[in-house]
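Each chain is listed here by its residues.
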Amino acid sequence: MEAFVTRKKRKICPEPEPEPELDPEPQNEEESEESTDLKLAMLASLHPDLDQETLLDILLAHDGAVHAASASLSAAQDIPSPTTKKSGPRVVGSQTSLKLFTNPSSGPCSSPVPKKSKLLSKKGATLHLYDPDDIAEHTPCSIIHNFLPSGEANALLLELLEESKTFEKITFKLFENVVTSPHTSSFYVGSSMEMDRQRHEYVYNGARLTDVRKITPWLDKVKPLVQAAVNAEIQKRILSSYPGAKKLKYQSPKTWVPNAAFVNCYNGPHESVGWHSDQLTYLGPRAVIGSLSLGVTREFRVRRVVPKKDDPDPDPEAAGDAGDAEGGQIAIHLPHNSLLVMHAEMQEEWKHSVSPAQAIDPHPLAGNRRINITYRDYREEFHPRYTPRCKCDIPTVLRVVQKKKKNENWGRYFWMCHAGNVPDKKGCSFFQWAKFDDDGVPLNTGNRK
Ligand SMILES: O=C(O)CCC(=O)C(=O)O
Ligand SMILES: [Fe+2]
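Residues numbered from 1 in each chain as written. Chains lettered and ligands numbered in written order. Predicted model: local features only at pLDDT ≥ 70, side-chain atom pairs only at ≥ 80, totals over all residues. Heavy atoms only, no water.

## Description of the overall build of the protein
Here is step 1 of the chain: Across its full length, the protein carries nine helices and 16 strands.
Here is step 2 of the chain: In the protein, the share of contacts with a sequence separation of at least 24, taken over all contacts with a separation of at least 6, comes to 77%.
Here is step 3 of the chain: A total accessible area of about 19,500 Å² is found for the protein, and carbon and sulfur atoms account for 55% of it. (Helix = DSSP H or I, 4+ residues; strand = E, 2+ residues; numbered from the N terminus. Contact = heavy atoms within 4.5 Å. Areas by Shrake-Rupley, 256 points an atom, 1.4 Å probe, with all protein chains shown as cover.)

## Comments concerning the coordination of the iron ion (ligand 2)
Here is step 1 of the chain: Protein-derived coordination of the iron ion (ligand 2) comes from His276 (NE2), Asp278 (OD) and His352 (NE2), at a distance range of 2.0 to 2.2 Å.
Here is step 2 of the chain: Donor residues binding the iron ion (ligand 2) come from one chain and are separated in sequence as H-x1-D-x73-H.
Here is step 3 of the chain: On the basis of relative accessibility, which here comes to 4%, the residue His276 falls in the buried class.
Here is step 4 of the chain: Accessibility expressed as a relative area gives 5% for Asp278, which makes it buried. (Donors = N, O, S within 2.8 Å, 3.2 Å for Na, K, Ca; no water. Buried < 20%, exposed > 50% of the residue type's maximum accessible area, 1.4 Å probe, protein only.)

## Structural notes on the packing of aromatic side chains
Here is step 1 of the chain: In the structure shown here, the tally under the stated rule is 16 aromatic pairs.
Here is step 2 of the chain: Plain terms: the ring middles of Phe187 and Tyr378 are 5.9 Å apart, the flat faces sit at 40 degrees to each other, and that makes the pair tilted. Linking Phe187 in strand β4 (residues 177–189) with Tyr378 in the loop between β13 (369–376) and β14 (397–400), this pair joins segments that are 191 residues apart in sequence.
Here is step 3 of the chain: Residue Phe187 is classed as buried on the basis of its relative accessible area, which comes to 1%.
Here is step 4 of the chain: Of the aromatic side chains, those joined through ring pairs into one cluster are Phe187, Tyr202, Tyr204, Phe262, Tyr282 and Tyr378.
Here is step 5 of the chain: Note that Arg303 overlies the ring of Trp275, its terminal NZ or CZ placed 4.7 Å from the centroid.
Here is step 6 of the chain: If you follow Arg412 out to its NZ or CZ, it ends over the ring of Trp433, 3.9 Å from the centre. (Phe/Tyr/Trp six-rings, centres within 6.5 Å; stacked < 30°, edge-to-face > 60°. Lys NZ or Arg CZ within 6 Å of the ring centre and 35° of its normal.)

## Comments concerning the sheet that holds strand β1 (residues 126–129)
Strands pair in a sheet through their backbones, by hydrogen bonds, and they do so in one of two ways: parallel or antiparallel.
Here is step 1 of the chain: With mixed pairing, the five strands of this open sheet are ordered in space as β1-β10-β9-β12-β7. Lying at the two open borders of the sheet, with one neighbouring strand each, are β1 and β7 (273–276). Averaged over all neighbouring strand pairs, the angle between strand axes comes to 20 degrees, with direction disregarded.
Here is step 2 of the chain: Strand direction decides the pairing type here: strand β9 (residues 298–304) and strand β10 (residues 329–334), joined by five bridges, are antiparallel. In the strand pairing of β10, Val302 is matched with Ile330. (Pairing = 2+ DSSP bridges. Axes fitted to C-alpha atoms, helices over the stretch in contact; angles between N-to-C directions.)

## Describing the state of the cysteines
Here is step 1 of the chain: All chains considered together, the criterion is met by zero disulfides.
Here is step 2 of the chain: Of all cysteine sulfurs, the one in Cys392 lies closest to Cys417, which takes part in no disulfide; the gap is 3.8 Å.
Here is step 3 of the chain: A relative accessible area of 0% means that Cys417 is categorised as buried. (Disulfide = S-S within 2.5 Å.)

## Structural notes on the packing of helix α6 (residues 150–164) against helix α8 (residues 217–241)
Here is step 1 of the chain: Packing of α6 against α8 leaves a shortest axis separation of 9 Å and a crossing angle of 140 degrees. In terms of their interaxial angle, α6 and α8 are classed as oblique. For α6 against α8, the interelement crossing comes out left-handed. Residues Glu152, Ala155, Leu156, Glu159 and Leu160 of α6 form the contact with α8, whose participating residues are Pro217, Trp218, Leu219, Val222 and Leu225.
Here is step 2 of the chain: Here the residues of the contact of α6 with α8 are counted per class, giving eight nonpolar, no polar and two charged. (Parallel < 35°, antiparallel > 145°, perpendicular 65-115°, else oblique. Left-handed = near helix turned anticlockwise from the far one by under 90°. Nonpolar A, V, L, I, M, F, W, Y, C, P; charged D, E, K, R; others polar.)

## Some thoughts on the sheet that holds strand β15 (residues 413–416)
Here is step 1 of the chain: Spatially, the three strands line up as an open sheet ordered β14-β15-β16, and their pairing is antiparallel. Both outer strands of the open sheet, β14 and β16 (431–433), are each paired with one neighbouring strand and no more. Sheet twist, expressed as the mean angle between neighbouring strand axes with direction ignored, is 30 degrees.

## With respect to the nonpolar core
In a soluble, globular protein the nonpolar side chains are often hidden away together inside.
Here is step 1 of the chain: Formed by 46 residues in total, the largest nonpolar core has its most connected members in Phe300, Ile332 and Tyr378.
Here is step 2 of the chain: For Phe300, the residues in contact, after removing those within four places along its chain, are Cys141, Ile330, Ala331, Ile332, Leu334, Leu340, Met342, Met346, His352, Ser353 and Val354.
Here is step 3 of the chain: By size, the runner-up hydrophobic cluster in this structure holds 33 residues, among which are Leu148, Ala153, Leu161 and Val230. (Core = buried A, V, L, I, M, F, W, Y, C linked by side-chain atoms within 4.5 Å.)

## Let's talk about the side chain of Ser277
Here is step 1 of the chain: In this fold, Ser277 is placed in the loop between β7 and β8 (289–295).
Here is step 2 of the chain: A polar contact is formed between the side chain of Ser277 and the backbone oxygen of Trp350, at a distance of 3.1 Å.
Here is step 3 of the chain: A distance of 3.4 Å separates the side chain of Ser277 from the side chain of Gln402, its partner in a polar contact. (Polar contact = N/O pair within 3.5 Å; in protein donor to acceptor, adjacent residues only side chain to side chain.)

## Focus on the pattern of salt bridges
Here is step 1 of the chain: Under the defined criterion, the tally for this structure stands at 19 salt bridges.
Here is step 2 of the chain: Arg376 is paired through a salt bridge with Asp278; the nearest N and O atoms lie 3.0 Å apart. On the criterion of sequence distance, the pair formed by Arg376 in strand β13 and Asp278 in the loop between β7 and β8 is long-range, its members being 98 residues apart.
Here is step 3 of the chain: On the basis of relative accessibility, which here comes to 2%, the residue Arg376 falls in the buried class. (Salt bridge = Lys/Arg side-chain N within 4 Å of Asp/Glu carboxyl O.)

## Details of unusual backbone geometry
Here is step 1 of the chain: Although it is not a glycine, Arg286 sits at a positive phi angle of roughly 55 degrees.
Here is step 2 of the chain: Here Arg286 falls in the buried class, since its relative accessible area comes to 6%.

## Quick look at the environment of Val422
Here is step 1 of the chain: Relative to the assigned elements, Val422 resides in the loop between β15 and β16.
Here is step 2 of the chain: Through-space distance from the C-alpha of Val422 to that of Leu292 is 29 Å; in sequence the pair is 130 residues apart.

Geometry only, nothing functional implied.
Here it is as structure tokens:
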């Protein structure tokens, strides 16, 4: 897990292009898409009696404006608020399919459900999804339950529970504060040579990784199964959901080959990961990620950050059609031994999180712990030896302009300095628009060797 944090947008001074308008609207912390963690923390400090989920719902209902959300909460202090939680702890239950709710005639004898059923998620509310068809239809993900033979899933879980005893929390800079991640993690690659390259050549949040490990026997054994399943899911997705049944612009046409894995451990209901998009720096644009969950069932939440319907898409070819949160967030329930595929439209247009839970069902082998493995395809053409370096002389980070409102640069990728993400370090003003061919191969990296 490398990218759940971003920092306050600094003033960017592109060279040699004129200063880009990443967001032409007035910027402050409240309006920054990337600062949800901080906003939640601020809101929580103002309303310590309310749980994170309620605070997030209220924050979303106020378009992310902390003051407005707080004002509503204060106004409602003496009156039971319609937005505060009414029920007891959320129960991890089961749901057959949304189709039963969206199509009254559905049942064994009814006609098939229309391709696009009405989504129940509304701004400020959370839609809970369990069924693979619903997840594929309404989110940028697809899921395979009971993915591994159960003995293999258990062996992998036991192996990683042992590994996780030495996982650590990551420390990073959020705005001007140094904070630690609310869960532990480590990073695995295939060989000693790759470990070496990761430690000395790659940069994450402005710094080198110190905890890089050699892939474990079970992680390695499962890898080809994940590869086959993810590639099959990619093809299914292209045929069922993308315009003209073609891969997205900038999506790689090559076979997806996982060669790195972040492993996360969530020990207990309160461990979590805040809203983020995964970094594309080494995966390239329109990246696909295979995410295997083991142990305790937790909610993986997704919300669209780029509106789909109201705003015409400046690049209609760029995005797939599937997924439509309509302002609300969707909770995908990830049980033990489920493989979630985050498809090519996910990182640029959606954010995801694992929210703290009020209650969890202990797992017979893992107790209160959940292990998550995100298998990733580090593409050779995105190796830091090829990507732009900033004035601090480190490889830059690849980002995308996500805020869309009236922003002509929406959807454009850029390289920028991330040295300032490290506590006590300052970055430089390096900025360069990124250009790719249709298959996502970088065109203007400048310092190719
Ligand atoms: O634990 C999960 O399911 C997601 C983890 C995640 O988002 C990440 O590692 O980037
Ligand atoms: Fe992530």
